[in-house]
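# Geometric and topological summary
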Amino acid sequence: MNCHDRRSKTRRGPESKELTKRPMRPGDFSQIKSLMEDIFPMKYPDSYFWDIAAAAYWSLGIFTANDELIAIVVAGKEFHNDRTIHDKPPEFRYLPEKTVYMYSIGTKPPYRRLKLSTILARDCLRMCRERGASAVYLHVMAENLAAIRLYEKLGFKSFAFLAQYYSPYGGDALGKILRFDDKIHSNSECTAK
Ligand SMILES: CC(C)(COP(=O)(O)OP(=O)(O)OC[C@H]1O[C@@H](n2cnc3c(N)ncnc32)[C@H](O)[C@@H]1OP(=O)(O)O)[C@@H](O)C(=O)NCCC(=O)NCCS
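Residues numbered from 1 in each chain as written. Predicted model: local features only at pLDDT ≥ 70, side-chain atom pairs only at ≥ 80, totals over all residues.

By the naming in an unreviewed UniProt entry, the protein goes by N-alpha-acetyltransferase 60 and is assigned to Galendromus occidentalis. In its Sequence similarities (unreviewed entry) section, UniProt records this for the protein: "Belongs to the acetyltransferase family. NAA60 subfamily." (UniProt positions renumbered as here; feature names shortened; annotations may be inferred.)

### Regarding the overall build of the protein
Looking only at helices and strands, the protein features 5 helices and 8 strands. Listing every helix and strand of the protein by position from the N terminus yields β-β-α-α-β-β-β-α-β-α-β-β-α. When burial is assessed residue by residue, the protein has 33% of its 193 residues classed as buried. (Helix = DSSP H or I, 4+ residues; strand = E, 2+ residues; numbered from the N terminus. Buried ≥ 20, exposed ≤ 12 C-beta atoms within 10 Å, placed from the backbone.)

### A look at unusual backbone geometry
Cis geometry marks the peptide bond from S167 to P168, where omega comes out at 10°. Secondary-structure assignment places P168 in the loop between β7 (157–162) and β8 (173–179). Backbone geometry places K98, a non-glycine residue, at a positive phi of 60°. Structurally, K98 is set in the loop between β4 (69–75) and β5 (99–107).

### Some points on the site of the ligand
Around the ligand sit 21 residues in total, of which G106, R112, S117, T118 and A146 are the nearest. The element contributing the most residues to the shell around the ligand is helix α4 (residues 145–154), with 6 residues. Here the shell around the ligand is composed, by residue class, of 11 nonpolar, 5 polar and 5 charged. (Near = placed C-beta within 6 Å. Nonpolar A, V, L, I, M, F, W, Y, C, P; charged D, E, K, R; others polar.)

### Description of the pairing of β8
Taking burial as the measure, the 7 residues of β8 include 7 buried ones, the bulk of the element. Burial along β8 is two-sided: A173, G175, I177 and R179 facing one way and L174, K176 and L178 facing the other are all buried. As defined by bridge partners, strand β6 (residues 135–141) adjoins β8 across 7 bridges and the pair is classed as antiparallel. Paired with M141 across the strands is A173, a residue of β8. Relative to β8, β7 is paired through 5 bridges, and the arrangement is antiparallel. Across the sheet, the residue bridging to A160 is G175, located in β8. (Pairing = 2+ DSSP bridges.)

### Concerning the pairing of β5
One face of the sheet, then the other: side chains in a regular strand alternate in exactly this way. Burial analysis of β5 places 7 of its 9 residues in the buried class, which makes it a mostly covered element. Here β4 runs beside β5; their pairing, made up of 5 bridges, is antiparallel. By the bridge assignment for β5, I72 is matched with G106. The sheet contact formed by β5 and β6 spans 3 bridges and is parallel. Its bridge partner being in β6, V100 is matched across the sheet by V136. On the question of chirality, the crossover connecting β5 to the parallel β6 by way of helix α3 (residues 116–130) is right-handed. (Right-handed = clockwise from strand over helix to strand, strands pointing away.)

Okay, structure coming up:
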């Protein structure tokens, strides 16, 4: 199974019900908004959800047989580098060339600990690697131990500490990076099943 499958199937999930993995599309706007407003503490403008639905970002979701969106990952389509970053946090200037930013990842509470985020993240990493990225970068709340554990299992390492980055919705952030030439990543190679 890989991120280019338009409608690839996985049997991972509660009661082994069939789940479907596919990119977001315009009709998914409401579900994207509802899921993200449920699982993230910060408030996003609707334009972010519209952009995801309109494929301005690379995205992948997992849907139940009833077409309920239960997990999502969103990443940039462009590479960030020190010559193009002006409105981003200061550490962006130190990111390697051809770094992709992972914007969002999350799973609805009833479907957590089923490896859904792991599957989506690995597909995202595979997509980035196939596009020639050298690294993937993200921010995570410093107290979000579940997400930090997920990222560390995938091979991400801490790169930056940003005090009060999430204010007023939360506190400090860690910037985490996965470089594709790191040995740890080749040990956790992208093999989403
Ligand atoms: C963090 C989050 C994305 C994990 O999603 P998930 O689909 O449950 O993750 P997975 O099942 O793939 O978990 C993979 C690993 O992450 C770690 N992990 C996930 N949830 C955890 C928790 N509550 N406590 C400790 N470790 C956790 C575990 O190591 C887990 O492996 P294991 O189940 O074999 O122990 C999910 O809890 C979530 O959506 N949280 C709210 C949104 C969010 O914080 N997103 C990240 C923003 S940076």
